[in-house]
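Reading the structure
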Amino acid sequence: MVQLPADQVRSAANRLKRAQGQLAGVVRMLEEGRDCEDVVTQLAAVNRALDRAGFAIVAGGLTQCLTQEGGADSLDTRKMEKLFLSLS
């Protein structure tokens, strides 16, 4: 099992919390009947924030897998590929 270092967990959690706040703003905009273009722009920002958090988490896990005992030989390449593709 991959355990991310505390600083990476903190960083990813902060990104996700920011995205959560942005998403709450998008919901509020919808409920207030704001302009569609503004809503979509903010929704795209939420999407980018989630992508960045996801890639950071996967990259941290990959780094840990490569530095653990067994290194690259113990890396499940298919699993990592699937994780990266799930974010794209």
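No experiment lies behind these values; they were computed from the predicted model shown. (Residues numbered from 1 in each chain as written. Predicted model: local features only at pLDDT ≥ 70, side-chain atom pairs only at ≥ 80, totals over all residues. Heavy atoms only, no water.)

Before going further, it helps to examine the overall build of the chain. The secondary structure content of the chain amounts to three helices and zero strands. Counted from the first residue to the last, the chain has its helices and strands arranged as α-α-α. Across the 88 residues that make up the chain, the buried fraction comes to 23%. In the chain, the proportion of contacts linking residues at least 24 apart, taken out of those at least 6 apart, comes to 58%. Carbon and sulfur atoms make up 56% of the accessible area of the chain, which totals about 6500 Å². (Helix = DSSP H or I, 4+ residues; strand = E, 2+ residues; numbered from the N terminus. Buried < 20%, exposed > 50% of the residue type's maximum accessible area, 1.4 Å probe, protein only. Contact = heavy atoms within 4.5 Å. Areas by Shrake-Rupley, 256 points an atom, 1.4 Å probe, with all protein chains shown as cover.)

Once that is clear, we can look at the environment of Thr63. Structurally, Thr63 is set in helix 2 (residues 36–67). Assessed through its relative accessible area of 46%, Thr63 is described here as partly exposed. Spatially, the C-alpha atoms of Thr63 and Leu4 are 9.4 Å apart, while their sequence positions differ by 59 residues.

This part covers helix 1 (residues 6–32). Here helix 1 contains 27 residues, and its C-alpha end-to-end distance of 39 Å stays within 8% of the 39 Å for a straight helix at 1.5 Å per residue. For helix 1, the complete set of buried residues consists of Ala12, Ala19, Gly25, Val26 and Met29. Residue Gly33 follows helix 1 closely and has a positive phi angle near 75°. (Expected span 1.5 Å × (residues − 1).)

Along the polypeptide, Val46 turns up in helix 2. By relative accessible area, Val46 is classed as buried at 5%. Spatially, the C-alpha atoms of Val46 and Gln20 are 7.9 Å apart, while their sequence positions differ by 26 residues. Once residues lying within four places of it in the same chain are set aside, the contact partners of Val46 are Ala19, Gln22, Leu23 and Val26.

Taken residue by residue, the chain gives an average pLDDT of 84. The fraction at 70 or more is 85%. The least confident element of the chain, judged by mean pLDDT, is helix 3 (residues 77–87) at 75; the most confident is helix 1 at 93. (pLDDT = per-residue confidence, 0-100.)

Before going further, it helps to examine the environment of Ile57. Residue position: Ile57 is located in helix 2. Along the sequence, Ile57 and Leu4 sit 53 residues apart, while their C-alpha atoms lie 7.9 Å from each other.

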